[in-house]
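Letter by letter, the chains look like this.
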Amino acid sequence: VQLVESGGGLVQAGGSLRLSCTASGRTFSSEAMGWFRQSAGEERDFVAAINWRGGRSDYLDSVKGRFTISRDNAKNTVYLQMNSLRPEDTAVYYCAAGRVAAGLIDYWGQGTQVTVSS
């Protein structure tokens, strides 16, 4: 089972990026999925989660109104659209599957770097 992230990169403050996470090896259509991030020297923090149907999502307060999580179960993929990026959003972003909102993660991706320059 693998979760593979893509879409990270370098962007100027105020810009946008779209992260993707595609699962292989099994279907995750019946599980919640989400995103976490970890800055250098910091703990890994919750960013966003979406339930298996895609009808409910939760966000870290500091990204509400700027980030949007979505999923396409037919493609076994979850997305994170990030707009109005700030330098403090700089981190490695990890895809996760499981009871994401409770922090009970069954699978992690390898991470993708997002760097926001000021």
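Worth saying up front: this structure is predicted, and the values here are computed from it rather than measured.

Q: A description of the packing of aromatic side chains should follow, citing residues and the corresponding values.
A: Throughout the structure, instances matching the rule amount to 4 aromatic pairs. A ring pair is formed by phenylalanine 28 and tyrosine 107, whose centres lie 5.4 Å apart and whose planes are at 85°; its orientation type is edge-to-face. With phenylalanine 28 in the loop between β3 (17-24) and β4 (33-38) and tyrosine 107 in strand β10 (residues 104-108), the pair connects residues that are 79 residues apart, well separated along the chain. Relative accessible area serves as the criterion here: at 26%, tyrosine 107 is assigned to the partly exposed category. These aromatic residues form a ring-pair network of at least three members: Phe36, Phe46, Tyr94 and Trp108.

Q: Lay out the sheet that holds strand β1 (residues 2-6) with the relevant residues and their values.
A: One open sheet accounts for 4 strands, arranged β1-β3-β8-β7; its pairing is antiparallel. A strand with exactly one partner marks an edge of an open sheet, and here the two such strands are β1 and β7 (67-72). Adjacent strand axes in the sheet meet at a mean angle of 15° when their direction is disregarded. In the sheet, β1 pairs with β3 via 5 bridges, with the strands oriented antiparallel. Bridging from a neighbouring strand, glutamine 2 pairs with serine 24 of β3.

Q: If you had to explain the nonpolar core to someone new, which residues and values would you point to?
A: Counting 26 residues, the largest nonpolar core has Trp35, Leu80, Met82 and Tyr93 as the members making the most contacts within it. Listed by contribution, the elements that provide at least two residues to this core are β3, β4, β5 (45-50), β7, β8 (77-82), β9 (91-99) and β11 (112-117). Once you skip the residues sitting within four places of it in the chain, leucine 80 turns out to touch Leu17, Arg18, Leu19, Trp35, Val47, Ala48, Phe67, Thr68, Ile69 and Tyr93. Counting residues in each nonpolar core, the second largest holds 5 residues, with Phe36, Ala49, Ala96 and Val100 among its members.

Rules used throughout
- Residues numbered from 1 in each chain as written.
- Predicted model: local features only at pLDDT ≥ 70, side-chain atom pairs only at ≥ 80, totals over all residues.
- Heavy atoms only, no water.
- Phe/Tyr/Trp six-rings, centres within 6.5 Å; stacked < 30°, edge-to-face > 60°.
- Helix = DSSP H or I, 4+ residues; strand = E, 2+ residues; numbered from the N terminus.
- Buried < 20%, exposed > 50% of the residue type's maximum accessible area, 1.4 Å probe, protein only.
- Pairing = 2+ DSSP bridges.
- Axes fitted to C-alpha atoms, helices over the stretch in contact; angles between N-to-C directions.
- Core = buried A, V, L, I, M, F, W, Y, C linked by side-chain atoms within 4.5 Å.
- Contact = heavy atoms within 4.5 Å.

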